[in-house]
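What follows is the residue order along each chain.
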Amino acid sequence: MLKKMKVFLEMIKVEHTLFALPFAFMGALLGSMVVFHKLPTWGQIGWIIMAMVGARSAAMGLNRVIDKVMDAKNPRTAMRAIPAGLISSKEAIIFIVISFTLLFWAAFNLSPLAVKLLPVAVFFLVFYSYTKRFTWACHIILGMTIGLAPLGGWVAVTNSITLPALVFYISIAFWTAGFDIIYATQDIDFDRNEGLHSIPSRFGVTGALRMAKWFHGITAVGFLTLFYLTELSWLYLIGVVVALALLFYEHWIVNPKDLRRVNTAFFTLNSILSITVLVFTLIDLVVLHK
């Protein structure tokens, strides 16, 4: 049982939750402080964790089921759980149903608007996995999907969507799209051979990395704009400066002639970035806004 659970956790890359979960918490923190001038309750945080676990597990499970044929052909992904025979498609579908149940349960315990927006979230969670078959904008659509995490955190505690929430959503959407482009450079030859669509396969590695820089530039503008739209102070700005330094380093270590450190840029640096921005925002809100 434990061995099977380990396989499921590996299938959904549970460690990659470090990308979006900190920003979901940040959305809840900011929303509660901007709208109600108080921190969210522990109960709300607990339901947000459940919603995030459910949504991300369902999305990754769907991706693995939908892409199982392509994963089997790609040397980089051939040993994933389903093509390797470690998990059957039926088992994965049961896992997906359970995950969506967690998401729905959490939403019904958070806010009415969260429930109303569930169809939108489910649509993007399902739709993203098909986009690589017909558009190189798949990275942007992934960003729009992951960006629902911070927006969902905001909606969960405020039952509303405001301008700062939308700015935060756009910032995370383009941050995600940017690092996904960098990650996709690993599969440029496979994508072209299989007729799959991506920004690297369409514009080449050089063009793709340039576009990723522009996307992350939008993220930088968004983070700075949040400073002016909310009551965040200099502590938050320090976190943003550190985050932007990490983005700069991410692009510095990956270039068209050297893609060996793509995984470092993709996972390590982006995980540190999201946690850093959350920590500085939390300290800012808790210490300076008692």
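Trainee: Which parts of the structure should I look at to understand the overall build of the chain?
Mentor: Secondary structure summary: the chain contains 14 helices and zero strands in total. Listing each helix as α and each strand as β along the chain from the N terminus yields α-α-α-α-α-α-α-α-α-α-α-α-α-α. What you see for the chain is a C-alpha radius of gyration of 19 Å, in line with the 19 Å of a compact globule of 290 residues. A principal-axis box enclosing the C-alpha atoms of the chain has dimensions of 55 × 45 × 35 Å. When the 290 residues of the chain are sorted by exposure, 53% land in the buried category. Counting contacts in the chain only where the partners sit at least 6 residues apart, residues at least 24 apart contribute 73% of the total. Total accessible area on the chain is roughly 13600 Å²; 71% of this is exposed by carbon and sulfur atoms.

Trainee: Looking at this structure, I do not really get the environment of Val205. What am I missing?
Mentor: Mapped onto the elements, Val205 comes out in helix 12 (residues 199–229). Each C-alpha atom, one on Val205 and one on Ile188, is 7.9 Å from the other, the two residues being 17 residues apart in sequence. Leave out the neighbours within four places in its chain, and Val205 touches Thr185, Ile188, Pro200, Pro256 and Leu259.

Trainee: Any chance you could explain unusual backbone geometry here in plain terms?
Mentor: Comment: phi is negative for the bulk of residues other than glycine, and the bulk of peptide bonds are trans. Although it is not a glycine, His37 adopts a positive phi angle of roughly 60°. Here His37 shows up in the loop between helix 2 (17–36) and helix 3 (42–66). Positive phi values are uncommon outside glycine, yet Asn159 reaches one of about 60°. With respect to the element layout, Asn159 can be found in the loop between helix 9 (148–158) and helix 10 (163–184). On the basis of relative accessibility, which here comes to 35%, the residue Asn159 falls in the partly exposed class.

Trainee: Please clarify how a nonpolar patch on the surface should be interpreted in this entry.
Mentor: Together, Leu39, Ile275, Val279, Leu282, Ile283, Val286 and Val287 make up an exposed nonpolar region whose accessible area comes to about 490 Å². Summarising the element assignment, Val286 is placed in helix 14 (residues 262–288). Its relative accessible area of 34% is what places Val286 among the partly exposed residues.

Trainee: Sorry, what's going on with the nonpolar core here?
Mentor: What tends to happen in soluble globular proteins is that the nonpolar side chains get buried as a cluster. If you look at the biggest cluster of nonpolar residues, it comprises 74 residues, and the most contacted ones within it are Phe23, Met26, Ile48, Phe223, Tyr236, Leu273 and Val277. Setting aside chain neighbours within four positions, we find Met26 in contact with Phe168, Leu226, Tyr236, Val277, Leu278 and Thr281.

Trainee: Explanation requested: the side chain of Asp284 in the structure shown.
Mentor: Looking at where Asp284 falls in the secondary structure, it is placed in helix 14. Side-chain polar atoms of Asp284 contact the backbone nitrogen of Ser233, separated by 2.8 Å.

Trainee: Teacher, can you tell me more about the packing of helix 3 against helix 5 (residues 89–108) here?
Mentor: Two measures define how a pair of helices packs: the angle their axes make with one another and the distance between the axes. Interaxial distance between helix 3 and helix 5 falls to 7 Å at its minimum, and their mutual angle equals 150°. Classified by the interaxial angle, the pair formed by helix 3 and helix 5 is roughly antiparallel. As helix 3 packs across helix 5, the resulting crossing turns out to be left-handed. Residues Trp47, Met50, Ala51, Gly54, Ala55, Ser57, Ala58, Gly61, Leu62 and Val65 of helix 3 lie in contact with helix 5, whose contacting residues are Ala92, Phe95, Ile96, Ser99, Phe100, Leu102, Leu103, Trp105 and Ala106. Grouping the constituent residues of the contact of helix 3 with helix 5 by class yields 15 nonpolar, four polar and no charged.

Trainee: Before we go on, may I ask you to explain the environment of Leu269 in this structure?
Mentor: Along the chain, the position of Leu269 falls in helix 14. Sequence-wise, Leu269 and Tyr249 are 20 residues apart; in three dimensions their C-alpha atoms are separated by 8.5 Å. Setting aside chain neighbours within four positions, we find Leu269 in contact with Leu246, Tyr249, Glu250, Ile253 and Thr264.

Trainee: Hey, could you run me through the packing of helix 3 against helix 7 (residues 118–131) in this one?
Mentor: At their nearest, the axes of helix 3 and helix 7 sit 9 Å apart, and the two run at 30° to each other. Our classification of the angle between helix 3 and helix 7 gives roughly parallel. As helix 3 packs across helix 7, the resulting crossing turns out to be right-handed. Only Leu125, Val126, Tyr128, Ser129 and Tyr130 of helix 7 make contact with helix 3, whose side of the interface consists of Ala55, Ala59, Leu62, Asn63 and Ile66. Partitioned by chemical class, the residues of the contact of helix 3 with helix 7 number eight nonpolar, two polar and no charged.

Trainee: Teacher, can you tell me more about the environment of Ser89 here?
Mentor: With respect to the helices and strands, the residue Ser89 is situated in helix 5. Residues Ser89 and Arg192, 103 residues apart in the sequence, show an inter-C-alpha distance of 27 Å. Setting aside its immediate chain neighbours within four residues, Ser89 contacts Lys68 and Ile82. Within the structure, the side chain of Ser89 is placed 2.8 Å from the side chain of Lys68, a separation counted as a polar contact.

Trainee: Hey, could you run me through the packing of aromatic side chains in this one?
Mentor: Aromatic ring pairs: the centre-centre distance and the angle between the two ring planes describe each pair. Within the structure shown, the criterion is met by 13 aromatic pairs. Where Trp47 meets Trp105, the ring centres are 5.5 Å apart and the plane angle is 65°; that geometry is what we call edge-to-face. Taken as a pair, Trp47 in helix 3 and Trp105 in helix 5 lie far apart in primary sequence, 58 residues in all. Among the residues examined, Trp47 registers a relative accessible area of 22% and is labelled partly exposed. Relative to Phe124, the ring of Phe123 has its centre 5.5 Å away and its plane inclined at 80°; by these criteria the two rings are edge-to-face. On the basis of relative accessible area, Phe124 is assigned to the buried category, the value being 15%. Here the aromatic residues Phe23, Phe168, Trp175, Phe179 and Phe223 are joined through ring pairs into a cluster of three or more. Positioned over the ring face of Phe203 is Arg202, at 4.8 Å from the centre of the ring.

Definitions and cut-offs
- Residues numbered from 1 in each chain as written.
- Predicted model: local features only at pLDDT ≥ 70, side-chain atom pairs only at ≥ 80, totals over all residues.
- Heavy atoms only, no water.
- Helix = DSSP H or I, 4+ residues; strand = E, 2+ residues; numbered from the N terminus.
- Rg over C-alpha atoms; globule rule 2.2 N^0.38 Å.
- Buried < 20%, exposed > 50% of the residue type's maximum accessible area, 1.4 Å probe, protein only.
- Contact = heavy atoms within 4.5 Å.
- Areas by Shrake-Rupley, 256 points an atom, 1.4 Å probe, with all protein chains shown as cover.
- Patch = residues over 30% accessible without salt bridge, like charges linked within 9 Å, V, L, I, M, F, W, Y side chains within 5 Å.
- Salt bridge = Lys/Arg side-chain N within 4 Å of Asp/Glu carboxyl O.
- Core = buried A, V, L, I, M, F, W, Y, C linked by side-chain atoms within 4.5 Å.
- Polar contact = N/O pair within 3.5 Å; in protein donor to acceptor, adjacent residues only side chain to side chain.
- Axes fitted to C-alpha atoms, helices over the stretch in contact; angles between N-to-C directions.
- Parallel < 35°, antiparallel > 145°, perpendicular 65-115°, else oblique.
- Left-handed = near helix turned anticlockwise from the far one by under 90°.
- Nonpolar A, V, L, I, M, F, W, Y, C, P; charged D, E, K, R; others polar.
- Phe/Tyr/Trp six-rings, centres within 6.5 Å; stacked < 30°, edge-to-face > 60°.
- Lys NZ or Arg CZ within 6 Å of the ring centre and 35° of its normal.

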